[in-house]
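# Structural overview
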Amino acid sequence: MLERFNSRYLPQMGYKHRMLIDSHDLRHIDVAVLSRNPFTYVNSHRHERNKANTAWLFSRDCLVVGVAINGAPLTLFVNHFKSMMEGREETKARRQEQVERVAAIIDQWFAKDSYNGNFIVLGDFNDYVDAGTALNALIQHTGGLQNVVERLPQGERWTHFWAGGNEYRQLDYLLLSKSLAATNTGNPGIERRGLPWRAAAYQGARFEGVGENHPKASDHCPVYMDVSLT
């Protein structure tokens, strides 16, 4: 599907390098990377089990991909944590175990360098930050990861609309390493043109064909940002 999507919708974008490893998700949801620059390594954690050894740990994967950009290395930790479809509190324990494992993986890769380096933790985390969040192991990581969406004005810090509660919250993240955050001080962007019209807090343009409820790209909004590597 990634190959078909790339060739059908993005043929002029130059994404010559593509990586997707099938997960265990029953809805066939995966995480993937498209890149104009070559991959230097790929590391999957899809086969890890949870602590109780009763299920796969990751709903999709923690896909670690290295990219070489003009000789500079960049490491991406790509995630899609357990959703809140069955209830936020009911799914918190599994999501928290996934988050804590990703934090440990980051420790394995970058603790020896005091968490300096070009790396980004990103994806659909399926939770927001408050007293009941499952994301503390990453949001409050000892390595100083920075949630760049927090650079935006308060009213713009949302990436998801839930019609059931008429709620606008951040569920999608770019967490920059402290090195990248220090040298890239600009703001990220959030692409909201694929939202259905029912997400009335966004008053901007929509993509052609978007409807009141359907069709739509998603209730999630991609977060994007240009970064310079050292």
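In short, a report on the structure. As the structure is a computational prediction, the values presented were derived from the model and not from experiment.

Turning to the pattern of salt bridges, a few remarks are in order. For the coordinates displayed, the defined rule picks out twelve salt bridges. The residue Arg18 makes a salt bridge to Glu3 at a minimum N-O spacing of 2.8 Å. Of this pair, Arg18 sits in strand β1 (residues 17–20) while Glu3 sits in helix α1 (residues 2–9), and the two are 15 residues apart along the sequence. The residue Glu156 makes a salt bridge to Arg192 at a minimum N-O spacing of 2.8 Å. Note that Glu156 is positioned in the loop between β7 (146–147) and β8 (160–162) and Arg192 in the loop between β11 (189–190) and β12 (223–224), a separation of 36 residues in sequence. Take Arg192: its relative accessible area is 6%, and that puts it in the buried class. Here the salt bridges do not stand alone but share partners, grouping Arg88, Arg95, Asp127 and Asp130 into one network.

Next up on the list: the sheet that holds strand β3 (residues 39–43). Strand order in the open sheet made by the six strands is β3-β4-β5-β6-β10-β7, with mixed pairing throughout. Either end of the sheet is taken by a strand with one partner, and the two such strands are β3 and β7. With two bridges joining them, β7 and strand β10 (residues 172–176) adopt antiparallel strand pairing. What sits directly across from Gln146, in β10, is Leu176.

Turning to helix α2 (residues 88–110), a few remarks are in order. The end-to-end C-alpha distance of α2, which contains 23 residues, comes to 31 Å, matching closely the 33 Å that a straight helix rising 1.5 Å per residue would cover. Maximum bend of α2: about 35°, positioned at Arg94. Where α2 is concerned, the buried positions are Arg88, Thr91, Lys92, Arg95, Glu97, Gln98, Val99, Val102, Ala103, Ile105, Ile106 and Phe110. Buried positions along α2 lie against β4 (62–69), β5 (72–80), β6 (119–124) and α3 (136–139).

Quick look at unusual backbone geometry now. Pro215 follows His214 through a cis peptide bond whose omega is -5°. In the Ramachandran plot, Asn53 falls in the positive-phi region, its phi being about 55° despite a non-glycine side chain. Checked against the element boundaries, Asn53 lands in the loop between β3 and β4. Phi at Ser114 takes a positive value of approximately 55°, unusual for a residue other than glycine. Relative to the helices and strands, Ser114 is located in the loop between α2 and β6. Under the relative-accessibility criterion, Ser114 is labelled partly exposed at 42%.

Core analysis: the largest hydrophobic core is formed by 26 residues, its most contacted members being Leu76, Ile120, Leu174 and Leu176. Counting residues per element, the ones that place at least two in this core are β4, β5, β10 and α4 (178–183). Other than its neighbours up to four places away in sequence, Ile120 contacts Leu74, Thr75, Leu76, Phe77, Leu174, Leu175, Leu176 and Leu180. Of all hydrophobic cores here, the second largest spans 21 residues; its members include Leu57, Val102, Phe110 and Val121.

Below, the discussion takes up the pairing of β10. Among the five residues in β10, five count as buried, and that is most of the element. Side chains Asp172, Leu174 and Leu176 project from β10 onto one buried face, and the interleaved Tyr173 and Leu175 project onto a second face that is buried too. One ladder, built from five bridges, connects β6 with β10; its direction is antiparallel. By the bridge assignment for β10, Gly123 is matched with Tyr173.

Tracing the backbone shows His80 in strand β5. Given the relative accessible area of 16%, His80 is considered buried. Within the local environment of His80, its side chain forms a polar contact with the side chain of Asp124, the two groups lying 3.0 Å apart. In this structure, His80 is in contact with Ile29, Val31, Ser59, Arg60, Asp61, Asp124 and Asn126, ignoring residues within four places of it in sequence.

Cut-offs and rules
- Residues numbered from 1 in each chain as written.
- Predicted model: local features only at pLDDT ≥ 70, side-chain atom pairs only at ≥ 80, totals over all residues.
- Heavy atoms only, no water.
- Salt bridge = Lys/Arg side-chain N within 4 Å of Asp/Glu carboxyl O.
- Helix = DSSP H or I, 4+ residues; strand = E, 2+ residues; numbered from the N terminus.
- Buried < 20%, exposed > 50% of the residue type's maximum accessible area, 1.4 Å probe, protein only.
- Pairing = 2+ DSSP bridges.
- Expected span 1.5 Å × (residues − 1).
- Bend = angle between axes of the 7 residues up to and from the residue.
- Contact = heavy atoms within 4.5 Å.
- Core = buried A, V, L, I, M, F, W, Y, C linked by side-chain atoms within 4.5 Å.
- Polar contact = N/O pair within 3.5 Å; in protein donor to acceptor, adjacent residues only side chain to side chain.

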